[in-house]
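Letter by letter, the chains look like this.
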Amino acid sequence: MNFLLSALPVLKDLVLLGGGHSHVEVLKRFGMEPLPGVRLTLISRGFETPYSGMLPGLIAGHYSHDEAHIDLQPLTRFAGARAVFDEAVGLDLVNRQVRFAHRPPISYDLLSIDIGSTPSLDVAGAAAHAVPVKPIGRFLDRWTLLCERLRTGTRKRIAVVGGGAGGVELLLAVQFRMRTLLEREGRSAAHLEYHLFTDSSRILPTHNGSVCRIFERVLRDRGVRIHAGSSVVEVEAARLRTADGQSHDVDEVLWTTAAAAAPWLAESGLAVDEAGFVRVSSALQSISHPEVFAAGDIAAMIDHPRPKSGVFAVRQGPPLARNLRYALLGEPLERYRPQRQFLSLISTGDRYAVASRGPWASEGAWVWRWKDRIDRRFMRRYNELPAMQAVEAPQVPAGLADEAAIAAVSEMAMRCGGCGSKVGASVLSRALQRIGVADRPGVLVGLDAPDDGAVIEMGGERAAIHTVDFFRSMIDDPYVFGQVAAAHALGDVFAMGGEAQSALAVVTIPHGPEAKVEETLTHVMAGAAAVLRADGVALVGGHTSEGAELGLGFAVNGCVNASRILRKSGLRPGDRLILTKAIGTGTLFAADMRHRAKGRWITGAIRSMLQSNREAARCLQAHGATACTDVTGFGLLGHLVEMLRTSEVDAEIDLAAVPLLDGAEQTVQAGILSSLQPQNVRLRRVIAITPEISAQPRFALLFDPQTSGGLLAGVPWERADACMNELRSLGYAAGAGAVIGTVTPRGDRPERVSLAHSLTGRYD
Ligand SMILES: Cc1cc2nc3c(=O)[nH]c(=O)nc-3n(C[C@H](O)[C@H](O)[C@H](O)COP(=O)(O)OP(=O)(O)OC[C@H]3O[C@@H](n4cnc5c(N)ncnc54)[C@H](O)[C@@H]3O)c2cc1C
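Residue positions are given per chain, counted from 1 along the sequence in the order it is written. Reporting in this predicted model follows two pLDDT cut-offs: at least 70 for local features of residues, and 80 or more for side-chain atom pairs to be given and counted; totals over whole chains, interfaces and linings ignore these cut-offs and use all residues. By convention in this description, side-chain values take in all heavy atoms of the structure and omit both hydrogens and water.

Quick notes on the overall build of the protein
The way it works is that DSSP assigns letters per residue, a run of H or I at least four long becomes a helix, a run of E at least two long becomes a strand, and they are numbered from the N terminus. When helices and strands are tallied, the protein shows 23 helices and 38 strands. For the protein, whose C-alpha radius of gyration is 29 Å, the value lies close to the compact-globule estimate of 27 Å for 764 residues. Summarising its shape, the C-alpha atoms of the protein cover approximately 90 × 65 × 50 Å along the three principal directions. In the protein, buried positions account for 55% of the 764 residues. Restricting the contact set of the protein to residue pairs at least 6 apart, pairs at least 24 apart contribute 76%. For accessible areas, the Shrake-Rupley method is used with a probe of radius 1.4 Å. Any residue's cover is judged against the shown protein chains and nothing else. Split by element, the accessible area of the protein, about 31900 Å² in all, is 53% carbon and sulfur. Across the protein, 81 positive and 81 negative side-chain charges occur, with their mean positions spaced 5 Å apart. With C-alpha atoms as the basis for the radius of gyration, the globule rule is written as 2.2 Å multiplied by the number of residues raised to the power 0.38. Accessible area is worked out with a 1.4 Å probe on protein chains only. A residue is then buried under 20% of its type maximum, exposed over 50%, and partly exposed in between. We call two residues contacting when some pair of their heavy atoms lies within 4.5 Å. Working convention for charge: Lys and Arg count positive, Asp and Glu count negative, and His plus the chain ends are omitted. Charge coordinates come from a single atom per side chain, which is NZ of Lys, CZ of Arg, CG of Asp or CD of Glu.

Here it is as C-alpha cells:
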C-alpha cells in the first residue's frame, strides 16, 4: 500500500492482467508518477516473470534464476499497486470483471492485458507427451527433471519441434547445458542425440538467408539433425509422426511452435483475430471494448501486424503506460507505430550469438557480450528500484516538539501492519495494572493470569474459550489478508487445546465509492470465510466500519475440556521446547513495505501464515504437551518468557535450531526490522549470552513479531522425537531445527534464557 496515495479514496481501478514485458514498464512508470485516486492491481500467475531475452542463457547455465527473472513483488510495492498472484480464467466484459477459479472476481474500470502466449498444442498427443516451452515457469520446473533424465548414460533422442528463433535457441541451450554438466562430472554427452523439426522449408524463416545459413552451420557442427519441411502431426509416448508419413523414435519432445492465445479471451466476446489474439488499434486499445487495452504477444495490432516477439512487448510498454494514463484522465490517446525492422540477437548456446536486422547479419562472441549488456541493463531497470521515498510525517507543533514526540511521529510513517501493529507487551500490562481488573467466579483463565484466550466454566467438563484479535493489513491482496487474519485469530483457541466453533468479524474498510467498498469487503470476507470453513468454524456475525486503512479481526469462541486446557504455565525442567513454524514475518513484511523483499520470501511467509495450527495443537497434546502458546506479536522470546514466568522455570535455547523463514536473515542483516521490534527487545535483559551471539541476525529474530505464527510448546523429553516426527508428517516445521531448546530449573534470577550457538547434539 502506498501511504501517500492511501489518503485519497479509490475512485478508479486500473487492472493489469499478466506480468509481461509491457506491464513491468507500466508498473515502473506509475511508481515514478502515481495517479491519485487510481488503484493499480497487478494480476499475475506467479510472483516473478521471466525475461525472454535471458531464457536461453538461463537454460544454458549462463544466468542464475534471479538474474533472468523480474521480481514482481517489490515492483508492485514500488508502484503502489496491489499484487494478486493468481491465474485469471475468464473475463466478464459486461460487469467489467476478471474471473478466477478459486476466489471472487476483481472489477476494473480500465483493463490492460499482457499475458503473453503459449505454443499451440493442437497436434494429436502433443498436450500429453510434449513439454511446451511456455508458460516458462512451468517449463523451468520440468527442466530440472528433464536434466536428470538426460544424465543417465543410455541413448536419448531429444526432439525440438519449432524452427523459429525460440526453438533453435532452446535446442542449442539444452545441448550446451547437458554437455557442460556431464563434462564437469568427467562424462561424455555422446549418448544425447538432437533433432530439430520445422514445418517451414528452412529454419528461422522470419530472418534473412545469412542468419539461416549461420545457424545451419552451427547446428551441423554440433551434430543436430534438421528436419525441415516436416510438419509434426502426431506425438506418442516415444514417437513422432510427420505429415509425410514418417515415424521418428524420440525420448523427449520440447514444443516451441507458433504462438496460441488463451481461449477464454475469445469466449469473453472480446474482438480477436483468427488465432484468438486481442485485436487492438494503434493506441493498443481493443477495437471492440474501449475500456480494454492489450500489449505484447497477446495483442494483434490490426494496422501494424508484427511477429510475436519480446522486443515488441518491451517497446509497447511506454506507449501503453501513457495511453492508460490518458484513458483514465479522459484525454486523447497516442498512436504507436512499431518499427518494421528490428534487431534480434540470437544466441548459439555457448557465449556466442548472431545479430539479425532486416538483410544484415553478423556473428561472434562480441555479439553475445553486446546482448548480455543490453539484457542486464533491461533487468536492472526493474530489479534495482529507487529507494523508497520517506513518507512525510506530520509537523509537530513547536511547543510539543520534544525528542520523544518527534521520534513517535516519524516512526508512525513506517509502522508495520499485521502483528507489527500490536501494542507492546509492557505497555499493555502497565495499562491493565492501572485499571486493576479482577476476575469473577467461573473464570478459569482471565486477566489475573492472562493467557492466549479467556476460559469460562460451562458446567461439567466443558469450558468456553473466548479470544479476540485485530490488525491492520500488511498484505495488499484483500483476499489473502482475510485468509491470514482468520488463520491468526484461530491460533489462540488451538494453542489452548480447544476447538474453535464460531467467529464474529470486525472489519475496517477504506473509504471510497460504495461499489469499491463492497468489493474490498467481499474479497476480505471471502478469504476469511474459506479459512474458517476449512477449520470447521462458523462465521456468525460481525461489525463493519469505514476507516483510513484495511483492518480485520475476529472474536472467536471455542470449547475445551476444562481438565485438558493447555496454558502458558506448566513447563517442567527437562521438557523440550518445540516450535511448529519458522519465524521472520515481522522483518519480511517490514522489508516488503520498503519494496526490499523478494517475491519468494513473501510467498513463503504467506504460505507459513496460512498453515492452520489446528493439527499441530492436536499432535502436541497427544504427545503430552505440558504448556503451549502461539507465537505472535511479542516475538518468540516474548512469548517464551511469558511461559517461563508463569511456569517458574528457565530455558536454554539453541539459536542455530530456531527455524527461520526464507529471507528473514537477509532483511535483518539489511537493518530492516518491524516497528514493534524495539518494544520486544526490552526483554533482552533476561538473556544470558555472549557478545558474538547477540551480533547474529538470528538473535534479532528472537524479538521479531509474528503474524499467524506457530505454536511453542513444552513436551516431555522422552516424547519429543516422536512428536517431531509426527509434526513433520503433518507438514509442520520441516527440518530438525524445530526442537529449539530445553526447559531448565529456575536459577537465582527470574526468567533466565540461556542462548547457545548449537546444542542440537543433545537431542539426538
Ligand atoms: C525459448 C524462447 C526464447 C525466446 N527468446 C526471445 C528473445 O531472445 N527475444 C525476444 O524478443 N523474444 C524471445 N522470445 C519470445 C518472447 O518470449 C515473447 O515474445 C515474450 O515473452 C512476450 O512477452 P509478453 O509480455 O507478451 O508475455 P510474457 O513474457 O509471456 O508474460 C506474460 C505474463 O503473464 C502471466 N500470465 C499469463 N497468463 C496469465 C493468466 N491467465 N493469469 C495471470 N497471469 C498470466 C505470465 O505468468 C507472465 O508473467 C522467446 C520465446 C521462447 C519460447
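Here's the deal with the site of the ligand
The ligand sits among 28 residues. The nearest are H21, T49, D114, D297 and G310. Here a polar contact means two N or O atoms within 3.5 Å. Within protein one must be a hydrogen donor candidate and the other an acceptor candidate, and residues neighboring in sequence count only if both atoms are side-chain atoms. Note that an oxygen atom of the ligand is positioned 2.7 Å from one of the backbone N or O atoms of H21. Measuring from an oxygen atom of the ligand, one finds a side-chain N or O atom of T49 at 2.8 Å. Considering the ligand on its own, with 980 Å² of exposed area, one finds that the protein chains cover 88% of that surface. Among the secondary structure elements, those contributing two or more residues to the shell around the ligand are α6 (165-184) and α9 (310-329). For the shell around the ligand, the element with the highest residue contribution is α9, accounting for 3 residues. Gly falls in the polar group here, along with every residue not listed as nonpolar (Ala, Val, Leu, Ile, Met, Phe, Trp, Tyr, Cys, Pro) or charged (Asp, Glu, Lys, Arg). In terms of residue class, the shell around the ligand is built from 7 nonpolar, 13 polar and 8 charged. The near set for a molecule or strand comprises every residue that places at least one heavy atom within 4 Å of it.

Notes on the confidence of the model for the protein
Confidence scores per residue from the predictor, reported as pLDDT, run from 0 to 100. Confidence in the prediction of the protein, expressed as mean pLDDT, is 90, and 92% of residues score 70 or more. Low pLDDT, under 50, characterises residues 758-764; the predicted model gives this stretch 15 contacts beyond four residues in sequence or across chains.

Here we look at the packing of aromatic side chains
Stacked, edge-to-face and tilted labels apply to pairs of Phe, Tyr and Trp rings (six-membered ring for Trp) whose centres lie within 6.5 Å, assigned for plane angles under 30 degrees, over 60, and everything in between, in that order. In total, this model carries 7 aromatic pairs according to the counting rule given. Arranged with centres 4.8 Å apart and planes meeting at 70 degrees, the rings of F312 and F342 form a pair that is edge-to-face. With a gap of 30 residues between them, F312 in helix α9 and F342 in the loop between α9 and β23 (344-347) connect regions that are remote in the sequence. Between F471 and F481, the ring centres sit 5.9 Å apart and the planes meet at 65 degrees, which makes this aromatic pair edge-to-face. Taken together, the residues F471 in strand β28 (residues 462-472) and F481 in helix α13 (residues 478-495) connect sequence positions 10 residues apart. The structure contains a cluster of three or more aromatic residues connected by ring pairs, namely Y51, F378 and Y382. Across the ring face of F30, the terminal group of R325 is positioned such that the distance to the ring centre comes to 4.6 Å. Whether a charge sits over a ring comes down to the Lys NZ or Arg CZ being within 6 Å of the ring centre and within 35 degrees of the ring normal. Its end group placed over the ring of W601, K598 keeps NZ or CZ at 5.8 Å from the ring centre.

Examining the pairing of strand β27 (residues 454-457)
Only when DSSP finds a minimum of two bridges between them are two strands counted as paired. Pairing of strand β26 (residues 443-445) with β27 involves 2 bridges; the strand directions are antiparallel. Bridge pairing links V443 to I456 in β27. Hairpin connection from β27 to β28: 4 residues lie between these consecutive antiparallel strands, with G459 at a positive phi of about 95 degrees.

Things to note about the sheet that holds strand β8 (residues 106-107)
The antiparallel open sheet is built from 3 strands, whose spatial order is β6-β7-β8. In this open sheet, the two strands that pair with only one neighbour each are β6 (88-92) and β8. Bridge analysis of β6 against strand β7 (residues 97-100) gives 4 bridges, and the strand direction is antiparallel. Each bridged residue has a counterpart across the sheet, and for D92 the counterpart in β7 is Q97.

Description of the side chain of N323
Checked against the element boundaries, N323 lands in helix α9. At 2.7 Å, the side chain of N323 forms a polar contact with the backbone nitrogen of E334. The residues contacting N323, other than those within four sequence positions of it, are A283, F293, L333 and E334.

Brief notes about helix α3 (residues 72-79)
The buried fraction of α3 is high, at 8 of 8 residues. Looking at where α3 begins, the residue whose side-chain oxygen comes 3.1 Å from the main-chain nitrogen of Q73 is D71. Count one or two residues on from α3 and you reach G80, which has phi positive near 65 degrees.

Notes on the side chain of D492
Tracing the chain through its elements places D492 in helix α13. The class of D492 is buried, set by a relative accessible area of 8%. The contacts of D492, once residues within four sequence positions are left out, are D452, T467, D469 and D630.

Let's talk about helix α10 (residues 365-383)
Since the α-helix packs 3.6 residues into each turn, any two residues three or four apart lie on the same face. For α10, spanning 19 residues, the distance from its first C-alpha to its last is 26 Å, which sits close to the expected 27 Å at 1.5 Å a residue. Listed in full, the buried residues belonging to α10 are V367, W368, K371, D372, D375, F378, M379 and Y382. Across the axial projection of α10, the buried residues extend over an arc of 135 degrees, all falling on one side. In α10, the exposed positions that point more than 90 degrees away from the buried face belong to R373 and R377. Expected helix span is computed as 1.5 Å times (number of residues minus one). By definition, the arc is the one covered by directions from the helix axis to the C-beta atoms.

Re the state of the cysteines
By convention in this document, the label disulfide applies to cysteine sulfur atom pairs within 2.5 Å. Tallied over the entire structure, the rule returns 0 disulfides. Not part of a disulfide, C723 finds its nearest cysteine sulfur in C619, a span of 4.2 Å. Residue classification places C723 among the buried positions, given a relative accessible area of 0%.

Observations regarding the sheet that holds strand β13 (residues 192-197)
Within the open sheet, the 5 strands sit side by side as β11-β18-β12-β13-β14. Their pairing is parallel. Both edges of this open sheet fall to β11 (131-132) and β14 (225-227), since each of them pairs with a single strand only. Of the pairings in the sheet, the one linking strand β12 (residues 156-161) to β13 comprises 6 bridges and is parallel in character. Across the sheet, residue V160 finds its bridge partner in β13, namely L196.

Concerning the pattern of salt bridges
Salt bridges are counted wherever a side-chain nitrogen of Lys or Arg sits within 4 Å of a carboxyl oxygen of Asp or Glu. Taken as a whole and judged by the stated rule, the model has 41 salt bridges. One salt bridge connects K371 with D375, and the closest N-O pair in it is separated by 3.2 Å. Here K371 and its partner D375 are both found in helix α10, 4 residues apart, which amounts to about one turn of the helix. In this structure D375 comes out as buried when scored by relative accessible area, which is 3%.

Some details on a positive patch on the surface
A cluster of basic side chains, namely R369, R373, R377 and R380, defines a positive patch on the protein surface. Within the element layout of this structure, R377 appears in helix α10. Patches here: salt-bridge-free residues with over 30% relative accessible area, like charges joined within 9 Å, nonpolar side chains (Val, Leu, Ile, Met, Phe, Trp, Tyr) joined within 5 Å.

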